[in-house]
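This is what each chain is made of:
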Amino acid sequence: MANNIRNINKCIPRNSLSCIVPRLLTVQQYREYARPTSFPDFFQNPIFRKEDQAKLIESAELPKIAALPVRPPAVYQTSSAYHDPLVNKVINHVMEMGKKQMARNLVEKAFENIKRSQIERYHLASTPEAKAKIELDPKKILHKAIENAKPLLILQPIKRGGITYQVPGPITEKRSLFLAIKWLLEATNEKERTVHFPEQFAWELLDAANNTGKVVKRKQDLHRQCEANRAYAHYRWQ
Amino acid sequence: MSLIIKQLLLHTRSCAKFRQPAICNIYNYSTKATTTSGSNNVLDNITDWETLSKKKKISKAMKAYLDRAQEHDEFMKRQQFEYKIGKRHLANMMGEDPETFTQKDVDRAIEYLFPSGIYDPAARPLMKPPEEVFPARKAAEFDEAGRPHHFLFYTGKPNFFKLMYDAADNIKNLQSFEDKVIRKKASPDPNGSLNLNTSVWLTKDQLEQVLVENITDLEYDNFKAVMERLASLPYSYRFKEFIEKFRKPLSSQRFALEIPKPAYDSEGRAFITTYECLRKKARGDVTVKSPGTGKITINGKDLTYFDDVQSREQVIFPLIFTGLLDKVDVDCHIEGGGPSGQSGAIRWGIAWSLRSFVDSNMLQQMQVAGLLTRDHRRRERKKPGQPGARKKPTWKRR
């Protein structure tokens, strides 16, 4: 009897049958249970870039990892050649109120502006040496700009004897990246109202990639202040 | 019928009391009286209370234990009898052969006869063998004179501390073995090393079931620490059996099993349809045809069905990954959810269908890339008393 019911259910689409005999089908109906909102800890992070996997294949570790449960890649991750984790990071920093599509469009527009101005420069350059020096890839310019904007030291306020000292200390890689992106965006947002974000962001990126501009100056100021406060350095551990 | 309902009620109630009582005493770590047999089942090795009670000199503790054992024994017998009768009734009700009616059939019959909308699956009616429902009990821990058998009886948790003792003993053994090997100037056997990646330590509940003892969180942490230490030693493979008793394998390679053979359409092209492609609230089915020209159809439109680039990227992710972007055709029907959920469902559907068109190496690579994992996560519900699922109200002094 039960088998017959199962077969019926396979033949007829669910919705129509549940209208006809709702009582009979309570068992087979789709029930929503509490679903987990995350994966358990023993799930491995996915390795989805081809070049990362090539390393694993070389060291013959791939079959071992394939035996483990793996999380699915996130919606912003792909194995496409255009995928860049740093660009994703910048898009997320640009994003406001969860409007990711808007943020992505802005960053891509800025890249377009960079590309345009660099190509213009390229064509204006007279000699082949000067042409070879001009970087045309906006993603490489972004990487260079962020590399140049990253601070190496940081000032931490530390209270000793009722007086707060600005004590220089080392900075973690993550914090340094955060500050670089934050400063780039702060410098971009200090613009005239008539200038659009992508244009200003493109200029800031080009400036920073060239080791000039507001952001690089801010980094150098911080380094200078750290140097000036080096006498307080011992407060980090005393 | 009334019998079954009684049985059901009883089991439902008892299950609520003992959260996961199944797997009774697989690893028989319980201390046993010398009079008991060495069988694995607790029911079989209950002390022979009849012969014991004839003896005159018997301690009060033993007497109380014998009484309890007898009571439990009778109770379990009654339960087993009721379970058997109930199973036969169910088989008759479902019009099937009572002799060949298995536990799987029982579960199906219960789900059919007692449909329940109760949210928590553990609270729904069930009918299981009594050994699974009632937790295992320890055999007698002392003899007739009241003297304990186990040398760690007075720790209160003899099985747990015996386990810790054994683990520490094994560590010492391994260390002395390593010294010997170093003295002989040999190197460890590289093939013998333990692979701990594919399994995890038993959880606290599982360990409690194995030991038939309740342990505290601190004790569980100690167990994990000492076992980790044992497993990290270079010659730990010598105690592989001991270690693996306390490990549970992670889910196996499901993706490699049951890869369907493609069907052929009127044009002679191989195709695979994957139904029930789910992600968030989106549901749909995906058909992959090979050979093709890279044509992607989503609800009758092409890739521009999605307005945003991110979703389009997600759809072609498995095709790019396997290098089949312009070698297969994809046709999908998807409904429900937003662009992110729909593209995620299609991504999984394409990856799942492509299993039939790629070789085993690529299959492994897809697994490592996480393309074959079903993303079962759902939106977490809002909680009363707070503005969101996890978000709490702003703290105010008053």
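Throughout, residues of each chain are indexed from 1 in the direction in which the sequence is written. Chains and ligands are labelled by the order in which they are written, letters from A for the one and numbers from 1 for the other. Local features are withheld for residues below a pLDDT of 70 in this predicted model, meaning they are given only at 70 or higher, and side-chain atom pairs are given and counted only at 80 or more; totals for whole chains, interfaces and linings count all residues. For side-chain calculations, the full set of non-hydrogen atoms in the structure is used, while hydrogens and water are omitted.

**Some details on the sheet that holds strand E6 (residues 296-298) of chain B**
To summarise the sheet geometry, strands pair through backbone hydrogen bonds and adopt either a parallel or an antiparallel arrangement. Residues and elements named next belong to chain B. Put simply, the test is: Any two strands with at least two DSSP bridges between them are considered paired. Secondary structure elements follow DSSP: runs of H or I no shorter than four residues count as helices, runs of E no shorter than two count as strands, and numbering proceeds from the N terminus. Any two residues whose heavy atoms approach within 4.5 Å at even a single point are treated as in contact. Only the stretch in contact is used when fitting a helix axis, every axis being a line fitted to C-alpha atoms; angles between N-to-C directions are given from 0 to 180 degrees.
Ordered in space as E3-E4-E5-E7-E6, the five strands form an open sheet in which the pairing is mixed. The open sheet has two free edges, formed respectively by strand E3 (263-264) and E6, since each of these has just one partner strand. Direction of pairing for E6 relative to strand E7 (residues 329-335): parallel, over a ladder of three bridges. Note that in E7 the partner of isoleucine 296 across the bridge is valine 330. On the sheet, helix H11 (residues 339-354) packs against strand E4 (270-279), strand E5 (282-290), E6 and E7 and is oriented at approximately 145° with respect to E4.

**Remarks on the nonpolar core**
To be explicit about the condition: We call a set of buried Ala, Val, Leu, Ile, Met, Phe, Trp, Tyr and Cys residues a nonpolar core when their side-chain atoms join them within 4.5 Å. Between buried and exposed lies partly exposed: a residue is buried under 20% and exposed over 50% of the maximum accessible area for its type, with that area taken using a 1.4 Å probe on protein chains only.
If you look at the biggest cluster of nonpolar residues, it comprises 37 residues, and the most contacted ones within it are A:Leu142, A:Ile146 and A:Leu205. Where this core is concerned, the elements lending two or more residues are helix H5 (85-94), helix H6 (100-124), helix H8 (138-149), strand E1 (153-160), helix H9 (173-189), helix H10 (197-209) and helix H11 (214-228) of chain A. Here this core gets eight residues from one element, more than from any other, and that element is H9(A). Counting 32 residues, the second-largest nonpolar core is a separate cluster that includes B:Ala282, B:Leu319, B:Trp348 and B:Ile350.

**Some words on empty space enclosed by the protein**
The cut-off we apply is this: Only protein atoms enter the calculation, which uses a 1 Å grid: trapped sets of points that fit a 1.4 Å probe without letting it out are cavities, open sets showing protein on both sides within 12 Å along at least five of seven lines are pockets, and any residue with an atom within 4 Å of a point is a lining residue. Grid points are joined across faces, edges and corners, and a volume is the space filled by probe spheres set on the points. Residue polarity follows a fixed list, in which Ala, Val, Leu, Ile, Met, Phe, Trp, Tyr, Cys and Pro are nonpolar, Asp, Glu, Lys and Arg are charged, and the others, Gly among them, are polar.
Per the counting criterion, the structure on display carries four cavities of 30 Å³ or more. Put simply, the second largest cavity is a space of about 70 Å³. If you trace the second largest cavity, you find it lined by A:Pro72, B:Leu278, B:Arg279, B:Gly344, B:Arg347, B:Trp348, B:Gly370, B:Leu371, B:Thr373, B:Arg374 and B:Asp375. Every element with two or more residues in the lining of the second largest cavity is listed here: E4 and H11 of chain B. Counting residues per element, the lining of the second largest cavity draws most heavily on H11(B), at three residues. Tallied by class, the residues present in the lining of the second largest cavity amount to four nonpolar, three polar and four charged.

**Quick look at the interface of chain B and chain A**
Short version of the rule: Two parts placed together each lose some accessible area under a 1.4 Å probe, and adding up what both lose gives the buried area. Each reported salt bridge corresponds to a side-chain nitrogen of Lys or Arg within 4 Å of a carboxyl oxygen of Asp or Glu. Residues adjacent in sequence count toward polar contacts only when both atoms are side-chain atoms; beyond that, a polar contact is any pair of N or O atoms within 3.5 Å, and within protein one must be able to donate a hydrogen and the other to accept it.
Counting residues at the interface gives 47 residues for chain B and 50 residues for chain A. Summing the contributions of chain B and of chain A, the shared interface buries around 4,400 Å²; its carbon and sulfur component is 57%. For the interface between chain B and chain A, the tally reads one salt bridge. Put simply, A:Arg104 and B:Glu313 hold a salt bridge, and the shortest N to O gap is 3.0 Å. Where chain B packs against chain A, one counts 10 residue pairs in polar contact (both at pLDDT 80 or more). A per-element tally of the side of chain B that touches chain A places helix H10 (residues 309-322) of chain B first, with seven residues. A class-by-class count of the residues in the side of chain B that touches chain A yields 15 nonpolar, 14 polar and 18 charged.

**Some remarks on unusual backbone geometry**
In this structure, B:Pro291 follows B:Ser290 across a cis peptide bond, with omega equal to -5°. A positive phi angle, close to 55°, is found at A:Met97, a residue other than glycine. Since its relative accessible area comes to 79%, A:Met97 is described here as exposed. Here B:Glu276, not a glycine, exhibits a phi torsion of approximately 55°, which is positive. Along the chain, B:Glu276 falls in strand E4.

**A closer look at the pairing of E1(A)**
All names here are of chain A. Direction of pairing for E1 relative to strand E2 (residues 163-170): antiparallel, over a ladder of eight bridges. Of the residues in E2, the one forming a bridge with arginine 160 is isoleucine 163. Here E1 folds back onto E2 in antiparallel fashion, the turn holding two residues, of which glycine 161 has a positive phi close to 60°.

**With respect to the packing of aromatic side chains**
Residues and elements named next belong to chain A. As a reminder of what qualifies: Two aromatic rings, drawn from Phe, Tyr or Trp (for Trp, its six-membered ring), form a pair once their centres lie within 6.5 Å of each other, and the interplanar angle then sorts them: stacked below 30 degrees, edge-to-face above 60, tilted otherwise.
Applying the stated criterion across every chain, the model contains 19 aromatic pairs over all chains. An angle of 50° between the planes, with centres 4.7 Å apart, marks the rings of tyrosine 165 and tyrosine 232 as tilted. Placement of the pair is tyrosine 165 in strand E2 and tyrosine 232 in the segment after H11, with a sequence separation of 67 residues. With a relative accessible area of 14%, tyrosine 165 lands in the buried category.

**Overview of the pattern of salt bridges**
All told, the structure shown has 27 salt bridges over all chains when counted by the stated rule. Put simply, A:Lys109 and A:Glu112 hold a salt bridge, and the shortest N to O gap is 3.8 Å. Here the residue A:Lys109 and the residue A:Glu112 both occupy positions in helix H6, the gap between them amounting to three residues, near one helical turn. Overall, A:Glu112 belongs to the partly exposed group, its relative accessible area being 32%. For B:Asp375, the salt bridge is made with B:Arg377, and the minimal N-O distance between the two is 2.8 Å. One continuous salt-bridge network, built from bridges that share partners, spans A:Arg104, A:Glu108 and B:Glu313.

**Regarding the packing of H10(B) against H11(B)**
All names here are of chain B. Rules: Roughly parallel here means an angle under 35 degrees, roughly antiparallel means over 145, roughly perpendicular means 65 to 115, and every remaining angle is called oblique. Crossing handedness is read from the near helix: turned anticlockwise from the far helix by less than a right angle, it gives a left-handed crossing, and turned clockwise, a right-handed one.
Across the interface, H10 lies against H11 with an axial gap of 7 Å and an inter-helix angle of 15°. Classed by the angle they form, the pair H10 and H11 counts as roughly parallel. The interaxial crossing formed by H10 with H11 has right-handed handedness. In this structure, H10 uses Ser311, Gln314, Val315, Phe317, Pro318, Leu319 and Thr322 to contact H11, whose residues at the interface are Pro339, Ser340, Ser343, Ile346, Arg347, Ile350, Ala351 and Leu354. Taken together, the residues that form the contact of H10 with H11 break down as nine nonpolar, five polar and one charged.

Honestly, that's just the spatial picture; any functional story needs more than this.
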